[in-house]
Every structure is written in structure tokens, then in C-alpha cells.
Amino acid sequence: MGERSVDQASIKMLKKAAQEGIETAWERYEKQQPQCGFGLLGICCRNCNMGPCRIDPFGDGPEEGICGATADTIAARNLLRMIAAGAAAHSDHGRDIVTTLWETAAGEAQGYQIKDEGKLRSLAAEFGIPVEGRSKEEIARDLAREAMEEFGMVKGALKFLERAPQKRREVWQKAGIVPRGIDREIVECMHRTHMGVDNDYVNLVLHGVRTGLSDGWGGSMFATEFSDILFGTPEPVRGRSNLGVLKEDQVNIIVHGHEPTLSEMIVLAARDEELLAAAREKGAAGINICGMCCTGNEILMRHGVPVAGNFLQQELAVVTGAVDAMVVDVQCVMPALTGVAGCYHTKIISTSPKARFEGAEHIPFDEHHALDTARKIVQIAVDNYPRRKKEFVRIPEEEMEYMAGFSVEAVLKALGGSLNPLLDAIKAGQIKGIAAVVGCNNPKIPHDRGHLLLTEKLIKSDVLVVQTGCAAIACAKAGLLLPEAAAQAGPGLGAVCRALGIPPVLHMGSCVDISRILVTAAAIANALGVDISDLPVAGAAPEWMSEKAVSIGAYVVGSGVFTVLGSIPPVLGGKKLTELLTEGARSVLGASFAVETDPEKAVDLILEHIAARRKALGLEG
Ligand code: SF4
Ligand code: MSK
């Protein structure tokens, strides 16, 4: 197998894992070779028990399933189910945050407070909820109730869609894809893909975009906005990243997963004097909380908490032998973790009723006793510290400083209160455009390579990069999230960054915080009086792997943003479907996908797109 990672800390831990006989995702990936061609092309179907059916991609065998479904129908139905699962994951996360706000307002959620009252009031006003002379708890209850209704089907269309430019809303109207309730679109995906319902690949894809939009402008946006109300809207903050943030002389706890409700409380509990004293009693110098994946992003955005790594580093963190507890909730948590942890002293602690792991210790986390539960979890980690097998501990020295916390509000503040400096820089060609580089890691691609190559080349070409998720962690580790990285940017972008004191790569948060990117794009389009699809803006997911990323792709393209995928989606077996996604979508949505596994060529596609949009807007350069 070729290069596995471009991250030195990960390379070292992969070597250690090999020496200690530990299998990781890369070995398991190798064992899967050759991967099933039908699966890779998206042309196997198990949607009823006449099947499974599969289509021969070479035309020598069956061209239809037993029911008569074609390759395009099967691949489109599979794609729709991926979108449904991804939108469900983001939106269920959003629903949990809405519930926490509701319970906080009722005084039933232990340890939580409404931290950003200004955002609460402005959101309430957006939803038509009276704010004058009312307490924040009264307003929060009404706002949470309104949000809960958006998940069902009470309204005609989602409220946050009004944030999109008028022209974009007309596109959705014309295509018949205005999302109604968030849950409704997801349920409809499952209905349409049941045997013998929606067999038209175009109709299926259109509903896929609608479902994605209900995630981006619905479930994810609720997750972001309500997290800001509860935990504070992020502001620029500095911290450290990569496995080197683990401390040899401290109790190391990694919080991994997605929902900030858990990680915020663990951060709070770790400051508890009694627990710190208990840690000292066990011989530790302190308690070191580190994040991983998007839970890491949530707490680094708000507290500058160190982030130990991204998706493909979860097992490698355990391999350091220095993690006393890894606390997980939902999403992107490998079931393999408990097996790896069994070879060291690490305790894997699951917390969500929705996500249990064989071999993990389960400490149910609920909002009513959040702080008590968090204390209990920290205590378990403290008690586990003396069980560390010193001979197996090796923490790589790699760590890098980052600057994160670029919420929309923080970006505006950095710009001096208005978008004008950014718009002026774009108009003058100092900044050629904006690219959102987001998404996961995938062992099909050398870890972090896609993110770094793409981002480095884009900033060099004067394209401002905005990021979330594991892509942002990859760039944090490489030092690209520092204002000093302006030296690696092109002359125009570099000058703007130096003037404003910001990095050329802005970390906007976790995967659900792509909603912040949508809001920013909408604000720029509104300021210029154009549609989002007219902007010199593009998206890229160089190493994506999760179904959530498929939902994100659907809503990003559905919002008018050309998007380049670096790992191949399982659709190529449906030729007409592929043509629709990469070409035909443009005439309906003003945007389409491109698939490009070579990051250099992906950059070229993005730059060509940005140049074409600049020309159409009559902008220089
Ligand atoms: Fe086969 Fe059609 Fe059933 Fe799918 S729905 S398994 S293609 S018969
Ligand atoms: S955590 S969805 S691996 S970005 Fe959001 Fe990272 Fe992808 Fe999970």
C-alpha cells in the first residue's frame, strides 16, 4: 500500500501500531481489496426481498433488477438513501440542541445557560417571537417550540430559507424543491425509495436536493444557531492541534463525536477543584481535555481547547498509550476503537442512548444531570490514570498552534463591522474568490493530503479558503490557520490577511457549521444583488467518506455552489444519473458536481470556475 498519511504524528503512530500488532483502518481497508465493483458503482439493490439485484456495468449481464429497476433508478435510489441518512444525522443533532435549549429555558438542564442572549433575541425576532419586556427563558421556550415545529410539517416552508437570496428561492420554487418540514423530507426519501415508488432518477435527485436543503438551511442551521445561543457565538481564539497536545504527566481525556452538549460539560467538569485534587492524588499534574473530529471543533471554536486530530487519527490517539478515557457520543466514531483500546489501558466511554459500542463502558448522558454525569466520566478517567502502561506510552511531539472561531459574526467583526472590505477586495481582484474546503478523511486517499494540497494551492492563487470539519483540523495541524500563513498566500490575499490580522484559511466550525458558510455566501450574494450561483465561490470535499457529506454535497450544489469531490461517489454505474449530477444540474440549479481525485486538477477546476464567474460579473482579473 502506498502513502498512508502526510501527517508526521500519524505516520509515527502507524509505525508504533504496526510494531505492537495493532490493526487500524488502513489495514482493514487493505483487507477489503478488491472492493465490490457493484457497490462502488452504486448498482446493487437490496430494497426488497426479491433481490438483492445487481446490474452488469459492462452490458453483458442483467440490465434491470427483478422489478425492472434500471441502473439509473437503482443508483439514484441508493444516493437518495445516503442523503436521507446524512440529513437525519445532522438534523437529529440539531433537534437535540433545540431540546437542550428548551430544557435550559425550563430550568431542567443541569449546568447549561443561555450564553448569547443577543443571538437569542435576534433569532426570536427572525421567527416573529415577541422579545420586548420578556425574560430570556420565556423567549427561549417560544423559540425552541417554533424550531421543533420546523422538524415536522406545520409550516409551508422552512423559516431559514428566507435567509437565502430571492433569486435562489425562485430557483427552488421553479424546480419544486422548497423544503417543507425537516423530518418530512427525510421520511419521504425512505418512502420514495421503497420498492415500486419513485423510479425516475431525475425526480429522485430533485428530492435528494430538497432533503439536503432541509439539512443545510434547516437541521444543521438549527444545530449551529442554537449551539451559539447556549454555548456562545465563537470569536477568534488560539489553541493547539495534533497528537502532541496529549500530555505525559496529565490525565488525558479525548472527547470524540459531534454534539457540544456533552463536550461542553466535560470541559466544565475538568475545571472542578475536587477532580483536579483527585488527579493530583493519583500523581497527575492536571486534567487535559482534548477534542477529536467535530466535537473537537465545537470546543476549539468556543474555548480554544486542544484538538488531538481528525477522523483517521482516532485509533492512533489510543495507540499513543496516553489516553486515559475517550468519551464518545454520536457520528464518525469507529466501532474498532474498543478493540484498539483493549490493547492499552484506555477506557472508551459511550454516552448516547443512540450509540452503544461493544466493549465500551456506557455512562448515559442526559441534560437533566449533565454536569454530574460529566464529573463521573472525568472521575473514571482520573482513576484510570495509574493504570497507564508506561512502556507503551509514546506521544509524538508534533503539535501546531491554530487560530479558529470564525463565526459569521466574528468574520464581520474582523472586517470592521461590514462585508464591504471583503467585497472590495473581491471586486478589485485582490481576493479572486472563496472556496469552502470541507469534509472527512478516507483511507482511499493519503490522510490529509487532499485537504492540504488543495488548500495550499488555492490560497497561493489568492482564493480565500473557509473550512469546517476534519478538513479544518488537517489545516490546523499544518499551520495554515495562523495569520502567519499569509506568507504562503498569493500577494493579494496575503495583503488582505496581514491588514486584518486573519489567517488565509478561516476555521468556521464543525460539519453542521457549514450552515455558517451558507449564511456568509447568502450575505455576499445579497450585498451584490445576485444569486449565490453567480458568485466566484466553489466547494470541495477532497477526502469525504460519510453519508453526511453526501447530504452536504446536495445542499451546497442545491444552494448554487459548484462542488468538486475528491473521493468517487457510488453513482457512476448510472450513466444518465452521472450526467445529471455533473452537467444537467447546472441548467436547473445553476451548479453541479465534478469528481476529481487529483487535487492539482481539482484546484484547476475551481480556479476556472472562479475565473468564469468573475468574468460574468464583470470583475477584473
Ligand atoms: Fe431488485 Fe427491484 Fe427489489 Fe431492488 S427493488 S432488490 S432492483 S427487485
Ligand atoms: S467529523 S463527518 S469525519 S468531517 Fe464531522 Fe470529520 Fe467527516 Fe465526521
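Calculation rules
- Residues numbered from 1 in each chain as written.
- Chains lettered and ligands numbered in written order.
- Predicted model: local features only at pLDDT ≥ 70, side-chain atom pairs only at ≥ 80, totals over all residues.
- Heavy atoms only, no water.
- Helix = DSSP H or I, 4+ residues; strand = E, 2+ residues; numbered from the N terminus.
- Rg over C-alpha atoms; globule rule 2.2 N^0.38 Å.
- Buried < 20%, exposed > 50% of the residue type's maximum accessible area, 1.4 Å probe, protein only.
- Contact = heavy atoms within 4.5 Å.
- Areas by Shrake-Rupley, 256 points an atom, 1.4 Å probe, with all protein chains shown as cover.
- Lys, Arg positive; Asp, Glu negative; His and termini not counted.
- Charge placed at Lys NZ, Arg CZ, Asp CG, Glu CD.
- UniProt positions renumbered as here; feature names shortened; annotations may be inferred.
- Near = heavy atom within 4 Å.
- Nonpolar A, V, L, I, M, F, W, Y, C, P; charged D, E, K, R; others polar.
- Core = buried A, V, L, I, M, F, W, Y, C linked by side-chain atoms within 4.5 Å.
- Domains from an automatic or database assignment.
- Buried area = accessible area lost by both parts, 1.4 Å probe.
- 1 Å grid on protein atoms, 1.4 Å probe; cavity = no way out; pocket = protein on both sides within 12 Å on 5 of 7 lines; lining within 4 Å.
- Points joined across faces, edges and corners; volume = space filled by probe spheres on them.
- Sits in = over half its atoms within 2 Å of the grid points.
- Expected span 1.5 Å × (residues − 1).
- Axes fitted to C-alpha atoms, helices over the stretch in contact; angles between N-to-C directions.
- Parallel < 35°, antiparallel > 145°, perpendicular 65-115°, else oblique.
- Left-handed = near helix turned anticlockwise from the far one by under 90°.

## With respect to the overall build of the protein
Working step 1: A tally of regular secondary structure across the protein gives 24 helices and 16 strands.
Working step 2: Scaling as 2.2 N^0.38, a compact globule of 621 residues should have a C-alpha radius of gyration of about 25 Å, and the protein matches this with 24 Å.
Working step 3: Across the 621 residues in the protein, those meeting the buried criterion constitute 62%.
Working step 4: Of the contacts made within the protein by residues no fewer than 6 positions apart, 76% connect residues no fewer than 24 positions apart.
Working step 5: Carbon and sulfur atoms form 53% of the exposed surface of the protein, whose accessible area is close to 22,500 Å².
Working step 6: In the protein, the 64 positive side-chain charges and the 78 negative ones have mean positions that sit 1 Å from each other.

## Observations regarding the UniProt feature "binding site: [Ni-4Fe-4S] cluster" (unreviewed entry) in the protein
Working step 1: UniProt marks H258, C294, C332, C440, C470 and C511 with the feature "binding site: [Ni-4Fe-4S] cluster" (unreviewed entry), using the numbering shown here. Maximum C-alpha separation among the annotated residues is 13.1 Å over a sequence range of 254 residues, consistent with a single clustered spot.
Working step 2: Residue position: H258 is located in the loop between strand 4 (251-256) and helix 10 (260-269).
Working step 3: Dropping the residues within four chain positions of it, H258 is found in contact with H93, C294, T295, E298, D329, V330, Q331, C332, C511 and K548.
Working step 4: Relative to the helices and strands, C294 is located in helix 12 (residues 293-303).
Working step 5: With residues near it in sequence (within four places) discarded, C294 still touches G257, H258, G469, S510 and C511.

## Some words on the site of ligand 2
Working step 1: Among the 13 residues in the neighbourhood of ligand 2, the closest are listed as C294, C332, C440, C470 and C511.
Working step 2: Every element with two or more residues in the shell around ligand 2 is listed here: helix 12 and helix 19 (469-477).
Working step 3: Residues belonging to the shell around ligand 2 are distributed by class as follows: eight nonpolar, four polar and one charged.

## A look at the nonpolar core
Working step 1: Membership of the largest hydrophobic core comes to 166 residues, with the highest contact counts inside it found for W217, F226, I266 and I287.
Working step 2: Counting residues in hydrophobic clusters, the runner-up holds 40 residues, among them A9, I22, V333 and I395.

## A word on the domain arrangement of the protein
Working step 1: Along its sequence, the protein is carved into domain 1 (71-231), domain 2 (243-392) and domain 3 (408-617).
Working step 2: A separation of 23 Å is found between the C-alpha centroids of domain 1 and domain 3.
Working step 3: Listed by partner, the interface residues are 39 residues for domain 1 and 38 residues for domain 3.
Working step 4: Surface buried jointly by domain 1 and domain 3 totals about 3,100 Å² across both partners, of which 69% is contributed by carbon and sulfur atoms.

## Describing empty space enclosed by the protein
Working step 1: Taken as a whole, this structure holds five cavities of 30 Å³ or more when the rule is applied.
Working step 2: For the largest cavity, the calculated volume is near 100 Å³.
Working step 3: If you go around the largest cavity, you meet 13 residues; those closest to its centre are C45, C48, C53, C67 and R77.
Working step 4: Residue classes in the lining of the largest cavity are distributed as nine nonpolar, three polar and one charged.
Working step 5: Looking at the second largest cavity, its volume works out to about 90 Å³.
Working step 6: Contributing to the lining of the second largest cavity are 15 residues, with P542, G566, E596, T597 and P599 lying nearest its centre.
Working step 7: Put simply, the parts of the chain that give the lining of the second largest cavity at least two residues each are helix 18 (449-460), strand 14 (537-541), strand 15 (562-565) and helix 24 (599-616).
Working step 8: With three residues, the top contributor of residues to the lining of the second largest cavity is helix 18.
Working step 9: A class-by-class count of the residues in the lining of the second largest cavity yields nine nonpolar, three polar and three charged.

## Considerations on the site of ligand 1
Working step 1: Taken together, C45, N47, C48, M50, G51, C53, G65, I66, C67, R77 and M195 make up the full set of residues adjacent to ligand 1.
Working step 2: The cavity that encloses ligand 1 is the largest cavity.
Working step 3: When the residues that make up the shell around ligand 1 are grouped by side-chain class, the tally is seven nonpolar, three polar and one charged.

## Section: helix 22 (residues 547-558)
Working step 1: An ideal rise of 1.5 Å per residue puts 16 Å on 12 residues; helix 22 measures up with 16 Å between its terminal C-alpha atoms.
Working step 2: In terms of burial, helix 22 is largely enclosed, as 11 of its 12 residues are buried.
Working step 3: Looking at helix 22, one finds that the buried residues are K548, A549, V550, S551, I552, G553, A554, Y555, V556, V557 and G558.
Working step 4: With its phi angle positive at about 100°, G560 sits one or two positions after the end of helix 22.

## Some points on the UniProt feature "binding site: [4Fe-4S] cluster 2" (unreviewed entry) in the protein
Working step 1: Taking the UniProt record as the reference, the feature "binding site: [4Fe-4S] cluster 2" (unreviewed entry) is found at C45, C48, C53 and C67. The greatest C-alpha distance among the annotated residues, which extend across 23 residues, is 10.7 Å, indicating that they converge on a single site. Checking the annotated residues one by one, the ones that line the largest cavity turn out to be C45, C48, C53 and C67.
Working step 2: Positionally, C48 belongs in the loop between strand 1 (44-45) and strand 2 (53-54).
Working step 3: Here C67 is to be found in the loop between strand 2 and helix 4 (71-105).
Working step 4: Beyond its immediate sequence surroundings of up to four residues, C67 is in contact with M50 and M195.

## Here we look at the packing of helix 4 against helix 8 (residues 182-192)
Working step 1: The geometry of helix 4 relative to helix 8 is characterised by a closest axis approach of 9 Å and an angle of 155° between their N-to-C directions. Judged by the inter-axis angle, helix 4 sits roughly antiparallel to helix 8. With respect to the hand of their crossing, helix 4 and helix 8 are arranged in left-handed fashion. Residues L80, R81, A84, A87, A88, S91 and R95 of helix 4 form the contact with helix 8, whose participating residues are I182, D183, I186, C189, M190 and R192.
Working step 2: In terms of residue class, the contact of helix 4 with helix 8 is made up of eight nonpolar, one polar and four charged.

## A few points about the layout of surface pockets
Working step 1: The space that makes up the largest pocket amounts to roughly 1,100 Å³.
Working step 2: What lines the largest pocket is a set of 31 residues, and nearest its centre among them are Q35, G39, L40, K444 and P570.
Working step 3: Mapped by element, the contributors of at least two residues to the lining of the largest pocket are helix 2 (25-31), helix 3 (37-41), strand 1 and helix 4.
Working step 4: Broken down by class, the residue content of the lining of the largest pocket amounts to 17 nonpolar, 10 polar and four charged.

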